[in-house]
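# Inside the fold
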Amino acid sequence: MPSPTEEVQRGLQDVVALESHLCFIDGKEGRLIYEGYDIRDLAAHSSFEETAYLLWYGRLPTSDQLAALRHRLTELRTLPDAMVARLDAMPSTAAPIDVLRTAVSELSLFEPDESRPGASSIGGAQRLTAALPSILGQFHRRRAGLPPLESRPALSHAAYLLYALLNREPTELESRAMDVALILHADHELNASTFAARVTASTLSDLYSAVTSAVGTLKGPLHGGANERVMELLDEIGAPDRAEEVVKAKLARHERIMGFGHRVYKVEDPRATILREWSRRIGEAKGDLHYYELLRVVERVVHQEKGLYPNVDLYSGSVYSLMGIPHDLFTPVFAASRVAGWTAHVLEEYQDLRLIRPTAKYIGPVDLPYVPIASRV
Ligand code: CMC
């Protein structure tokens, strides 16, 4: 038995579980690095496709390599007919994140070779990344009574995701805003869903099973589900002059304000800094700064009362909402980006595999006498 003096790291806080070359978070300086590149440079100059290439192959692509990846992702947008039929059979009242989790698992049934662990998993990574917008579009269009999805090969990954969900081709500004959001969400070191993916992969299970674990983990409101809850808060507040009162009342009741705080960042999450600016830009373009102005007040009050800084989930919802994306699709959009990171981590896990299996400190009794059922009270 473990000694009772062994220290338990609740929530595995500060435990270094593995080595990775994918992503570095400097929580004190508020920096985020993918494969050596600062997220601010990637958000300013890169695209989601280029960022996904960087995560999967460990280097930035040449223009030919990027063109080939774009072409491949476009080809893979089309779902197998049987998968479309499965999506059409799902209840239209289901939460899109649940549909996504189920669909990722089901997609593996139609991709038996790609779903095996090993070298072919890069193909599965691309397949899944290309398929997620189509899965979401197929489900959302049917429930909303919109026309069927087309593959629109001329559209970038970000523009296609918007087209799939909105049934219109986005403006250049909207496409760029989505591209930046996808870049910013693509990876984040050993966050809960990535860890879940790596735990699954570490048993030598397949990529699709790992991503299914990850989607189920992302769903929780303490992780990717926070962006939807932020919008619920804004709707509850209504007008900026009510923000202070509503937020203070919640804090007095010890409620968490979604979109604030982080396990690693002790300063502002650099993704929040970039998305704040995009919230303002999209708000100005739409002539609607309501959410932006509300969020600024909420930010001020939460910092003043609790000393907490915004995280990536604070401003993303306002950007998506202004483009017309329904709130229950925000976490699935997060997944449509993070799938690049999840799959990159699974590939890395396969390269340096070690079963992830920590230990629990037992705090229950031992040596209890077994009581036959007839004698129990
Ligand atoms: N609102 C109010 N109080 C908070 C918040 C918050 N958002 N975040 C932390 N605190 C308080 C918490 O109540 C605790 O106070 P006390 O010591 O008085 O009990 C203290 O700060 C430390 O909290 P913790 O839960 O021990 O810290 P953690 O490192 O486990 O929490 C977190 C990280 C993200 C779970 C937490 O900050 C949180 O619940 N935030 C809201 C949910 C959210 O926005 N999640 C998105 C995270 S970023 C994107 C992602 O990874 O998906």
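To keep things clear, this report deals only with the structure shown in the data block.

Rules used throughout
- Residues numbered from 1 in each chain as written.
- Predicted model: local features only at pLDDT ≥ 70, side-chain atom pairs only at ≥ 80, totals over all residues.
- Heavy atoms only, no water.
- Helix = DSSP H or I, 4+ residues; strand = E, 2+ residues; numbered from the N terminus.
- Rg over C-alpha atoms; globule rule 2.2 N^0.38 Å.
- Buried < 20%, exposed > 50% of the residue type's maximum accessible area, 1.4 Å probe, protein only.
- Contact = heavy atoms within 4.5 Å.
- Areas by Shrake-Rupley, 256 points an atom, 1.4 Å probe, with all protein chains shown as cover.
- Lys, Arg positive; Asp, Glu negative; His and termini not counted.
- Charge placed at Lys NZ, Arg CZ, Asp CG, Glu CD.
- Salt bridge = Lys/Arg side-chain N within 4 Å of Asp/Glu carboxyl O.
- Core = buried A, V, L, I, M, F, W, Y, C linked by side-chain atoms within 4.5 Å.
- Domains from an automatic or database assignment.
- Pairing = 2+ DSSP bridges.

### Details of the overall build of the protein
Per the secondary structure count, the protein includes 16 helices and 3 strands. Over its C-alpha atoms the protein spans a radius of gyration of 22 Å, differing by no more than 12% from the 21 Å that the globule rule assigns to 377 residues. Taken along the three principal axes of its C-alpha coordinates, the protein extends 70 × 55 × 45 Å. Within the protein, the proportion of its 377 residues that are buried is 51%. Taking the intrachain contacts of the protein between residues at least 6 apart in sequence as the baseline, contacts between residues at least 24 apart amount to 75%. Counting every atom, the protein has about 17700 Å² of accessible surface; 52% of that belongs to carbon and sulfur. Looking at the protein, you have 41 positive and 50 negative side-chain charges, and the mean spots of the two groups are 3 Å apart.

### Regarding the pattern of salt bridges
A side chain with one charge can pair with a side chain of the opposite charge if their charged atoms come near. Counted according to the given criterion, the structure contains 27 salt bridges. Arg101 is paired through a salt bridge with Asp98; the nearest N and O atoms lie 3.1 Å apart. Separated by 3 residues within a single helix, Arg101 and Asp98 lie in helix 5 (residues 96-107), roughly one turn from each other. Residue classification places Arg101 among the partly exposed residues on the basis of a relative accessible area of 28%. Glu299 is the partner of Arg296 in a salt bridge, and the nearest nitrogen-oxygen pair spans 3.3 Å. Of the two residues, Arg296 and Glu299 both sit in helix 14 (residues 290-306), 3 residues apart, roughly one turn of that helix. Overall, the relative accessible area of 38% leaves Arg296 in the partly exposed class. One network of salt bridges, with partners in common, ties together Glu236, Lys250, Arg253 and Glu255.

### Structural notes on the nonpolar core
Counting 104 residues, the largest nonpolar core has Tyr34, Leu128, Leu132, Met178, Val298 and Ile325 as the members making the most contacts within it. Per-element accounting of this core gives the leading share, 12 residues, to helix 16 (residues 330-351). Domain assignment of the residues forming this core places at least three in each of domain 1 (20-220 + 326-351) and domain 2 (226-323).

### Some words on the environment of Gly364
Of note, Gly364 is situated in the segment after helix 16. Relative accessible area serves as the criterion here: at 33%, Gly364 is assigned to the partly exposed category. Expressed as a C-alpha distance, the spacing of Gly364 and Ala43, which sit 321 residues apart in the sequence, is 50 Å.

### Here's the deal with the sheet that holds strand 1 (residues 23-26)
Ordered by their spatial adjacency, 3 strands build an open sheet running 1-2-3, and the pairing between neighbours is antiparallel. Each edge of the open sheet is held by one strand with a lone partner, namely strand 1 and strand 3 (37-38). As paired elements, strand 2 (residues 31-34) and strand 3 share 2 bridges and run antiparallel to each other. Opposite Tyr34, over in strand 3, you have Tyr37 as the bridge partner.

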